[in-house]
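Fold and contact review
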Amino acid sequence: MEPPGGACVSDRRASGRPGLRLRPGRATRRSQRRSHPRRRAAPHCHIRARPGACGKARAVAQSRRPVSCTGERRMNGARRNSHSVAIVGAGPTGLMLAGELALAGIDVAVVERRADRALDGARAGGLHARTLEVLDQRGIVERFLAEGQVAQVAGFASIRLDIGDFPTRHPYGLALWQQHIERLLAAWVDELAVPVHRGREVVGFAQDAAGVDVALSGGATLRADYLVGCDGGRSTVRKRAGIEFPGWDAATSHLIAQVETSEPPPLGVHRGPLGTYAFGKLEYEIRGGEIRYKDGGAIRATVPEPRVGRGEPTLEDLRAALLASCGTDYGLRSAASISRFTDMARQAATYRKGRVLLAGDAAHVHSPVGGQGLNTGVQDAVNLGWKLAQVVKRISPERLLDTYHAERHPVAARVLRNALAQAALLRADERSEALRGVVSELLALEEPRKHYGAMMSGLDIRYDLGEGHPLLGRRMPDLDLATADGPRRVYTLLHAARPVLLDFGASGGLDIAPWADRVRRVGATAAGPWELPAIGPVAAPAAVLVRPDGHVAWVGDGTDRGLADALATWFGPPAA
């Protein structure tokens, strides 16, 4: 999500849609409390077995027993910690994946090189609509809505795209800085009792047929059945695994800094000789569709550099960029943080190599224009989590993990393409300005607005599950349902991260007895219309099989044709 500037944004919400009523929600302290015990890892905790962990169930939301208990083993005489899954990186992607695995009862641990949760700068600026839906699927979206600013933030090359009329409970984005996103995800993961080992770096690993031995800084070691690199664009896991990272080198670079100046810079987004630059305050609110900055507080500057920068940026680099773009440095006195981003675009050749997997920026990097990076990473985690859990539990064969690359690699490839296109449109030369003007006119038309709005918000993602009903492979709409247990929302049924078969009665009862321990069957009725973003109304199905990530794996036509195959493909062979 792009940082807030001076442009007007709209906080209009959709209303009056049957089955898609928006409930203005704000989390309360009571709603955030949980009944299960909490276990905190000290910022510099040593990686060792927890006393009495073996034979005891970890406290997760469903109070399930983890697949394997945490224990100590000996390797070359040294004590070694063991988990089913080890995640490297406690950013939004790594934390989301940890939560997904914990919900499935998997023994997972996170290793993070930062000693605490502090971030260098504000980083990403918020969440798109589909990511909000993903958080809604887990029952935690109200926590984020309570702290962020709801606004129309989807855009293409800084051309705003209003999605307020889209058929979703969240026809908007959420302006919220990354440090707050991480804090809220970390609190959720903490409630699920996932240990996060901070102040540790991965220095190497070796995988064999049964698992991965991971060497950490300080001489500690860790053993895991699977290792997932969520450790950013310079991923140590990706490099050590020997996974290629092809793509395009940087042609432009920008500096983002939290600055103190003697002269107040003009707040908002501006165009200069080097392209777009912006000034804003970290503390702001949105009223009547306009950003209103609070008095005082730090100023965030985003400024293009006259040439592609290298290495760690300095205060002098920032001063030179300000002078080149603005003609003044506004009396720059200091910078609490300075970071650099470029329009480099690269993607991992494969998201899996044996027992090592990649997610988030470790798998794909690109310009932050459009604000898709963090959101794509969180959605990577939700796609991977349930699949990895089933493989760890031996419910599904390892080939299920290959569908993670098959589904998510094309999604990120499209993000890279549109990020490159946006970066080209934002160039400062007259030809690019003329092209941007034409594109702006096109995006003001109804069909292009819907198409690009759905793409940039993540609401149009479809996994290739073959031909069939338009719902197949797409996100399941969050309809209001009437069930034997009373009214329910579809996403409420996904809070436990388990698959659900919704039977709307026309099929005369669907027998899923061989998968009854894995898939929840719910008889329901749903008021129409069934509608998909950028597509419009679709025929109401007789039944749908919804995966834990909220995507539809099978659509019934009044019979059970293809249901057994879909169940076996996604949720393992039938029980004997």
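**Here's the deal with the overall build of the chain**
- Each helix and strand counted, the chain has 12 helices and 32 strands in total.
- Counting all 576 residues of the chain, 57% fall into the buried class.
- Per element, the accessible surface of the chain, about 23,600 Å² overall, is 50% carbon and sulfur.

**Some details on the sheet that holds strand 21 (residues 345-347)**
- Strand order in the open sheet formed by 3 strands is 13-21-24, and the pairing between neighbours is antiparallel. Two strands in the sheet have a free side with no partner beyond their single neighbour: strand 13 (247-248) and strand 24 (364-365).
- Taken together, the 2 bridges between strand 21 and strand 24 define a ladder with antiparallel strand orientation. If you follow Gln347 over to strand 24, its bridge partner there is His364.

**Let's talk about the confidence of the model for the chain**
- This prediction gives the chain a mean pLDDT of 85; 82% of its residues lie at or above 70.
- Below a pLDDT of 50 lies the segment residues 1-79, which in the model reaches 214 contacts outside its immediate sequence neighbourhood of four places, other chains included.

**Notes on the environment of Leu459**
- Here Leu459 is to be found in the loop between helix 11 (446-457) and strand 25 (480-483).
- Residue classification places Leu459 among the buried positions, given a relative accessible area of 3%.
- When the C-alpha atoms of Leu459 and Arg130 are compared, they prove to be 5.4 Å apart, with 329 residues separating the residues in sequence.
- Beyond its immediate stretch of four places on either side in the chain, Leu459 contacts Ala129, Arg130, Glu133, Phe166, Thr168, Ala454, Arg475 and Pro533.

**Focus: unusual backbone geometry**
- With phi around 55 degrees, Tyr330 is a residue other than glycine that occupies positive phi space.
- Note that Tyr330 resides in the loop between helix 7 (315-326) and strand 20 (332-342).
- Phi at Ala497 takes a positive value of approximately 60 degrees, unusual for a residue other than glycine.
- By the secondary structure assignment, Ala497 is in the loop between strand 26 (486-489) and strand 27 (500-503).
- With relative accessibility at 12%, the residue Ala497 sits in the buried group.

**Things to note about a nonpolar patch on the surface**
- Together, Val438, Leu442 and Leu445 make up an exposed nonpolar region whose accessible area comes to about 270 Å².
- Tracing the backbone through its elements, the reader meets Leu445 in the loop between helix 10 (430-443) and helix 11.

**A look at the environment of Val555**
- Following the sequence through the fold, Val555 ends up in strand 32 (residues 552-556).
- Val555 sits 11 residues away from Ala566 along the chain, and the two C-alpha atoms are 9.7 Å apart.
- Contact partners of Val555, with chain neighbours within four places excluded, come to His469, Leu471, Leu472, Pro541, Ala543 and Val544.

**Describing the pattern of salt bridges**
- If you walk through the whole model with that rule in mind, you get 35 salt bridges.
- Where Arg449 meets Asp165, a salt bridge forms, and the shortest distance between an N and an O atom there is 2.8 Å. Of this pair, Arg449 sits in helix 11 while Asp165 sits in the loop between strand 7 (159-160) and strand 8 (173-175), and the two are 284 residues apart along the sequence.
- Using a relative accessible area of 26% as the deciding quantity, one classes Asp165 as partly exposed.
- Residues participating in the shared-partner salt-bridge network are Asp136, Arg169, Asp478, Asp480 and Arg489.

**Some words on the side chain of His128**
- By the element assignment, His128 lies in the loop between strand 4 (126-127) and helix 3 (129-137).
- The class of His128 is buried, set by a relative accessible area of 2%.
- Polar contacts involving the side chain of His128 include one to the main-chain carbonyl oxygen of Gly370, which spans 3.0 Å.

**Quick look at the nonpolar core**
- Of all hydrophobic cores here, the largest spans 93 residues; its most connected members are Val85, Ile87, Phe144 and Leu545.
- No other element matches helix 8 (residues 373-392), which puts 10 residues into this core.
- Contact partners of Val85, with chain neighbours within four places excluded, come to Leu101, Ile106, Asp107, Val108, Ala109, Ala224, Tyr226, Val228, Leu388 and Val392.
- In terms of nonpolar packing, the next biggest core, distinct from the first, is built from 21 residues, Leu471, Leu481, Leu493 and Leu494 among them.

**Focus: the packing of aromatic side chains**
- Tallied over the full model, the rule gives 7 aromatic pairs.
- Taking the centre distance of 5.5 Å and the plane angle of 80 degrees together, the rings of Phe279 and Tyr330 count as edge-to-face. With Phe279 in strand 16 (residues 275-281) and Tyr330 in the loop between helix 7 and strand 20, this residue pair connects regions lying 51 residues apart in the sequence.
- You can call Phe279 buried: its relative accessible area is 2%.
- Consider the rings of Phe504 and Trp530, whose centres lie 5.5 Å apart with planes at 85 degrees: the pair is edge-to-face. Taken together, the residues Phe504 in the loop between strand 27 and strand 28 (520-526) and Trp530 in the loop between strand 28 and strand 29 (531-532) connect sequence positions 26 residues apart.
- Exposure remark for Phe504: the relative accessible area of 16% places this residue in the buried category.

**Thoughts on helix 3**
- Here helix 3 lies mainly inside the structure; 9 of its 9 residues are buried.
- For helix 3, the set of buried residues is Ala129, Arg130, Thr131, Leu132, Glu133, Val134, Leu135, Asp136 and Gln137.
- Within two residues after helix 3, Gly139 carries a phi angle of roughly 80 degrees, on the positive side.

**Some points on the side chain of Gln390**
- For Gln390, the location among the structural elements is in helix 8.
- Gln390 sits in the buried class, given a relative accessible area of 10%.
- Ignoring sequence-local partners within four residues, the contact set of Gln390 consists of Ile395, Ser396, Leu400, Trp570 and Phe571.

**What about the sheet that holds strand 19 (residues 299-304)?**
- Strand order in the open sheet formed by 5 strands is 15-16-19-14-20, with antiparallel pairing between adjacent strands. Each of the sheet's edge strands pairs with one partner strand only, and the pair in question is strand 15 (268-272) and strand 20. Averaged over all pairs of adjacent strands, the angle between their axes in this sheet comes to 20 degrees, without regard to strand direction.
- Where strand 16 and strand 19 come together, 4 bridges link them in antiparallel fashion. Directly across from Lys281, in strand 19, lies its bridge partner Ile299.
- The strands touched by helix 7 are strand 14 (253-261), strand 15, strand 16, strand 19 and strand 20; relative to strand 20, the strand with the most contacts, the crossing angle is about 85 degrees.

**Description of the packing of helix 2 (residues 92-103) against helix 8**
- The geometry of helix 2 relative to helix 8 is characterised by a closest axis approach of 8 Å and an angle of 25 degrees between their N-to-C directions. By the angle class used here, helix 2 and helix 8 are roughly parallel. Here helix 2 runs over helix 8; the crossing is right-handed. Each of Pro92, Thr93, Met96, Leu97, Glu100 and Leu101 in helix 2 lies in contact with helix 8, whose residues at this interface are Leu374, Gly377, Val378, Ala381, Val382, Leu384, Gly385, Leu388 and Ala389.
- In the contact of helix 2 with helix 8, the residues fall into 11 nonpolar, 3 polar and 1 charged.

Cut-off values and rules
- Residues numbered from 1 in each chain as written.
- Predicted model: local features only at pLDDT ≥ 70, side-chain atom pairs only at ≥ 80, totals over all residues.
- Heavy atoms only, no water.
- Helix = DSSP H or I, 4+ residues; strand = E, 2+ residues; numbered from the N terminus.
- Buried < 20%, exposed > 50% of the residue type's maximum accessible area, 1.4 Å probe, protein only.
- Areas by Shrake-Rupley, 256 points an atom, 1.4 Å probe, with all protein chains shown as cover.
- Pairing = 2+ DSSP bridges.
- pLDDT = per-residue confidence, 0-100.
- Contact = heavy atoms within 4.5 Å.
- Patch = residues over 30% accessible without salt bridge, like charges linked within 9 Å, V, L, I, M, F, W, Y side chains within 5 Å.
- Salt bridge = Lys/Arg side-chain N within 4 Å of Asp/Glu carboxyl O.
- Polar contact = N/O pair within 3.5 Å; in protein donor to acceptor, adjacent residues only side chain to side chain.
- Core = buried A, V, L, I, M, F, W, Y, C linked by side-chain atoms within 4.5 Å.
- Phe/Tyr/Trp six-rings, centres within 6.5 Å; stacked < 30°, edge-to-face > 60°.
- Axes fitted to C-alpha atoms, helices over the stretch in contact; angles between N-to-C directions.
- Parallel < 35°, antiparallel > 145°, perpendicular 65-115°, else oblique.
- Left-handed = near helix turned anticlockwise from the far one by under 90°.
- Nonpolar A, V, L, I, M, F, W, Y, C, P; charged D, E, K, R; others polar.

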